[in-house]
Amino acid sequence: GCRDRKMFSLKPVDPTEVSDLEFICECNNEDNVKHLHRPLMQKDDQYTEDTVHRTRERITSSIQKDSRSSFFLIMKDGVPVGEASLHFGFPNTKGSDSQKTAWLGIVIKQQYCRQGCGTGAMKLLEQSAKELGAVRMELGVFAYNEAAQQFYNKIGYKEFAVSPQLTWWNEKCWDAIHMEKSL
């Protein structure tokens, strides 16, 4: 399992390292998460490979154009189990002072979910955000993702804002819940 956080580290993503980019693509193209990259704004919208598929080129472009963000592979015993990003000045930030807020993006590969990997990774990400000057972390989670909401609550995140009816999923329109934690 992933319970011992001493086994965890964050490896900065190297946009010139094909294996880093391939792993991020694998994480983001898993069926349980690929729909999260682009919310469906209309009931009849459809996901297509073009709109949601993460390619090495798209990942590289994101990393290179975003100088206020940090991208990481989440490592357990030297093996990547997920990927994460911390964004400063992120447009989705709802709280005050977006320049001192780290907006979190995190994906744990499906095979490592519910094994404590998220908890270990979050401790390291919060520490990194603090070292980068953040005083708070913020994230968004869709209302249908109750397991994620419970997880974030358990580790100290609190709901503070809602973006109403942001995405269609399973024949229903869902809110995006904004959660925060002071560092």
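Just so you know, these numbers come straight off a predicted model, no measurement behind them.

## Things to note about the overall build of the chain
Each helix and strand counted, the chain has five helices and seven strands in total. Listed N to C, the secondary structure of the chain is β-α-α-α-β-β-β-α-β-α-β-β in terms of helices and strands. Among the 183 residues that make up the chain, the fraction classed as buried is 43%. By sequence separation, contacts in the chain at least 24 residues apart represent 62% of the contacts at least 6 residues apart.

## Looking at helix α5 (residues 146–154)
Helical geometry note: an α-helix holds 3.6 residues per turn, so side chains three or four residues apart project in the same direction. Of all the positions in α5, only Ala 148, Gln 149 and Tyr 152 are classed as buried. Each buried residue of α5 lies within a common arc of 100° when the element is viewed along its axis, so the set occupies one face. Summarising the geometry of α5, the exposed residues directed more than 90 degrees from the buried face are Glu 146, Gln 150 and Lys 154. The secondary structure elements touched by the buried residues of α5 are β4 (101–108), α4 (117–131), β5 (136–142) and β7 (172–182). Just downstream of α5, Gly 156 is the residue with a positive phi angle, here 105°.

## Concerning the pairing of strand β2 (residues 69–76)
Burial runs high along β2: eight of the eight residues are buried. Strand direction decides the pairing type here: strand β1 (residues 8–12) and β2, joined by five bridges, are antiparallel. If you follow Ser 9 over to β2, its bridge partner there is Met 75. Pairing between β2 and strand β3 (residues 79–88): eight bridges, direction antiparallel. The residue bridging Met 75 from the neighbouring strand is Pro 80, located in β3. Between the antiparallel neighbours β2 and β3 lie two residues, among them Asp 77 with a positive phi of about 55°.

## Section: unusual backbone geometry
The phi torsion at Asp 77 lies on the positive side, around 55°, for a residue other than glycine. Summarising the element assignment, Asp 77 is placed in the loop between β2 and β3. Of note in this structure, Arg 114 is not a glycine but carries a positive phi near 60°. Its location among the elements puts Arg 114 in the loop between β4 and α4.

## Quick word on α4
Taking 1.5 Å per residue as the helical rise, α4 with its 15 residues ought to reach 21 Å, and the 21 Å between its terminal C-alpha atoms agrees with that figure. The complete set of buried residues in α4 reads Cys 117, Gly 118, Gly 120, Ala 121, Met 122, Leu 125, Glu 126, Ser 128 and Ala 129. Downstream of α4 by one or two residues, Gly 133 has phi in the positive range, about 105°.

## Describing the confidence of the model for the chain
A residue-level look at the chain finds 76% of positions with pLDDT of 70 or above and a mean pLDDT of 80. Averaged over each element, pLDDT in the chain is lowest for helix α2 (residues 49–52) (45) and highest for α4 (94). Every residue in residues 47–53 scores below 50 in pLDDT, and together they form 18 contacts with partners more than four places removed in sequence or on other chains.

## Overview of the environment of Leu 73
Along the polypeptide, Leu 73 turns up in strand β2. Along the primary structure Leu 73 and Ser 85 are separated by 12 residues, whereas in three dimensions their C-alpha atoms are 8.8 Å apart. Ignoring sequence-local partners within four residues, the contact set of Leu 73 consists of Ser 9, Leu 10, Lys 11, Val 13, Asp 20, Phe 23, Ile 24, Gly 82 and Glu 83.

So, how was this worked out
Residues numbered from 1 in each chain as written. Predicted model: local features only at pLDDT ≥ 70, side-chain atom pairs only at ≥ 80, totals over all residues. Heavy atoms only, no water. Helix = DSSP H or I, 4+ residues; strand = E, 2+ residues; numbered from the N terminus. Buried < 20%, exposed > 50% of the residue type's maximum accessible area, 1.4 Å probe, protein only. Contact = heavy atoms within 4.5 Å. Arc of directions from axis to C-beta. Pairing = 2+ DSSP bridges. Expected span 1.5 Å × (residues − 1). pLDDT = per-residue confidence, 0-100.

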